[in-house]
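Each chain is listed here by its residues.
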Amino acid sequence: MTSLLIAGGQVLRSDMTVSQADILIDQDSGLIKKIGSDLTAENTLQAANSLVTPGFVNGHSHVPMVLLRGCADDKPLDRWLEEDIWPAESTMTADDVHTGAKLGLLEMIKSGTTGFADMYFHVPEIVAAVDQAGVRALLGHGVVTTGKDADKSLADVEKSLEFAQEYDGAADGRISTAFMPHSLVTVGSEYLEEFVPRVREAGIPIHYHANETLNEVTPIVNDHGIRPLDYAADHGMLEPQDFVAHGVHVDEHEMTLLAEAGTSVIHCPASNMKLASGMAPIQRLMDAGVTVGLGTDGAASNNDLSLLDEGRDAAMLGKIAANDASAVPAETVVQMMTQGSASALGFHSGVIEEGEPADLAVIDLEKPHLTPRNDLVSHLAYSAAGSDVKHTICDGQILMRDREVLTFEEESIVKQAQQTASSLVSRVSG
Ligand SMILES: CSC[C@H]1O[C@@H](n2cnc3c(O)ncnc32)[C@H](O)[C@@H]1O
Ligand SMILES: [Zn+2]
């Protein structure tokens, strides 16, 4: 057995308690073998004066959109997509997506993220980047049929199903897949009626944007006389393995529907604030029994991919939304960015326990803004930043040591991404 020891850190356990311990990892299986004291291994990562947490899981993103960071600020969702984002994306090549994915993965590894879900296009290029990066991912081809003719629409939906079937288990099992209609209003019901039964037959999960803005809710209520999540349930898209992004404008009935169906919600507070989409009722969703994870959405509506930033946003916005300072407390936020997202995505990661995957982030506590160390769960939710992450480990392998990413050449990726983004922007602006 090739083994790795994470030595001398303060370890955050699944019950949210913190205590000093060594973690022994079997690097062949990628699993945590033992948590204790005086353990030895072939390789060691020092974690003294550090907090060892489960690697963060980004439950909803469009990672290659890092190339569009800062290109389209200060607009609401529909105008942002139609005036800026979709025209830019229509010129993106497979190579562009590959470059964007590598840049985004670099940013995620550097901020302690070890797993994520992603909806985009040219997804085989994202698979290649994930394979090289060493993280865990649930990937899917995002389908939009509005504005397309029937042949193109059908081809897009087929592509999403085919991708999910072909790539499940790729990258030595670190990649899983889902069928990903973009939203309930951007994919025609005839396509959902035809494809969802095939998706179900193949045992594939479904992920989509739901109830993000009122502009998504009103047309469904007007055209069908039902709430969007009733519409989703009627189309067979509300199952325990499914997860929806945003869930901002959900009413009491839809909260119950989600809880009874076992469908998870990925909360994206930064994107919801930046696009002024609204405040998701996160505390009420959790009180109703819904599993809630945390996601950044794309970097053009955030504008970063750090889950530590997102956690702070979730806590702050959750309190304002509930008009209650005790809503969405620190422990809940930390659970959302680890166990909540992992459970939504069907990952076994998200906890530090023997026999579980060794997906970890080691946070350097020797920082003025993390002093004094009164409450490390509070620090994770309110004070720590992505740049405090010292080591990142996924599947038992070291992806970043002492802030040096080992699976990517950081300097060349940043340079290439800058060139790709400049060319993309000049193509769009003519
Ligand atoms: C067809 S691939 C995915 C598609 O989604 C777009 N997107 C990015 N952020 C959001 C959001 O918050 N709501 C809806 N759609 C979003 C992205 O630009 C891609 O076109
Ligand atoms: Zn999104």
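Here the structure is a predicted model, which means the values were calculated and not measured. (Residues numbered from 1 in each chain as written. Chains lettered and ligands numbered in written order. Predicted model: local features only at pLDDT ≥ 70, side-chain atom pairs only at ≥ 80, totals over all residues.)

Attention shifts here to the domain arrangement of the chain. When its domains are assigned, the chain resolves into domain 1 (3–54 + 351–405) and domain 2 (56–345). Look at where the C-alpha atoms of domain 1 and domain 2 centre, and you get two points 28 Å apart. Taken residue by residue, the interface counts 21 residues in domain 1 and 25 residues in domain 2. Counting residues per element, the side of domain 1 that touches domain 2 draws most heavily on helix α13 (residues 376–383), at five residues. Tallied by class, residues from the side of domain 1 that touches domain 2 come to 15 nonpolar, four polar and two charged. (Domains from an automatic or database assignment. Contact = placed C-beta atoms within 7 Å. Helix = DSSP H or I, 4+ residues; strand = E, 2+ residues; numbered from the N terminus. Nonpolar A, V, L, I, M, F, W, Y, C, P; charged D, E, K, R; others polar.)

Counting residues in each nonpolar core, the largest one holds 139 residues, and the members touching the most others are Ile23, Val52, Leu105, Ile126, Val130, Val135 and Val333. When residues of this core are assigned to their parent elements, the largest contribution, eight residues, is made by helix α12 (residues 330–345). Composition of this core by domain shows at least three residues from each of domain 1 (3–54 + 351–405) and domain 2 (56–345). The residues touching Ile23, leaving out its near neighbours within four places in the chain, are Ile6, Val11, Ile32, Ile35, Val52 and Ile352. (Core = buried A, V, L, I, M, F, W, Y, C linked by C-beta atoms within 7 Å. Buried ≥ 20, exposed ≤ 12 C-beta atoms within 10 Å, placed from the backbone.)

On to the UniProt feature "binding site: Zn(2+)" (unreviewed entry) in the chain. In the numbering used here, UniProt assigns the "binding site: Zn(2+)" (unreviewed entry) feature to His60, His62, His209 and Asp297. Spatially, the listed residues are clustered: although they cover 238 residues, their C-alpha atoms lie within 11.9 Å of one another. With respect to the helices and strands, the residue His209 is situated in strand β11 (residues 207–210). Setting aside chain neighbours within four positions, we find His209 in contact with His182, Ser183, Ala245 and His246. Examined against the element boundaries, Asp297 turns out to sit in the loop between β14 (292–294) and α11 (307–322). (UniProt positions renumbered as here; feature names shortened; annotations may be inferred.)

The local shell around ligand 1 holds 17 residues, among which Ile85, Met119, Gly142, His209 and Gly298 are the closest. Those elements that provide at least two residues to the shell around ligand 1 are α1 (77–89) and β7 (113–120). Its residues placed into classes, the shell around ligand 1 shows seven nonpolar, seven polar and three charged. (Near = placed C-beta within 6 Å.)

This part covers the pairing of strand β12 (residues 243–246). Pairing analysis gives four bridges linking β11 to β12, with the strands arranged parallel. The residue bridging Ala210 from the neighbouring strand is His246, located in β12. Of the strand pairs in this sheet, β12 and strand β13 (residues 264–267) are connected by three bridges, and their pairing is parallel. Directly across from Val244, in β13, lies its bridge partner Val265. In terms of handedness, the path from β12 via helix α8 (residues 252–261) over to β13 forms a crossover that is right-handed. (Pairing = 2+ DSSP bridges. Right-handed = clockwise from strand over helix to strand, strands pointing away.)

Further remarks concern helix α14 (residues 410–429). Along its 20 residues, α14 runs 28 Å from first to last C-alpha, staying within 8% of the 28 Å computed at 1.5 Å per residue. Inspection of α14 places Ala417, Thr420, Ala421 and Leu424 among the buried residues, and these make up the whole buried set. Across the axial projection of α14, the buried residues extend over an arc of 105 degrees, all falling on one side. Opposite its buried face, α14 presents the exposed residues Glu411, Ser412, Lys415, Gln419, Ser422, Ser426 and Ser429, each directed more than 90 degrees away. (Expected span 1.5 Å × (residues − 1). Arc of directions from axis to C-beta.)

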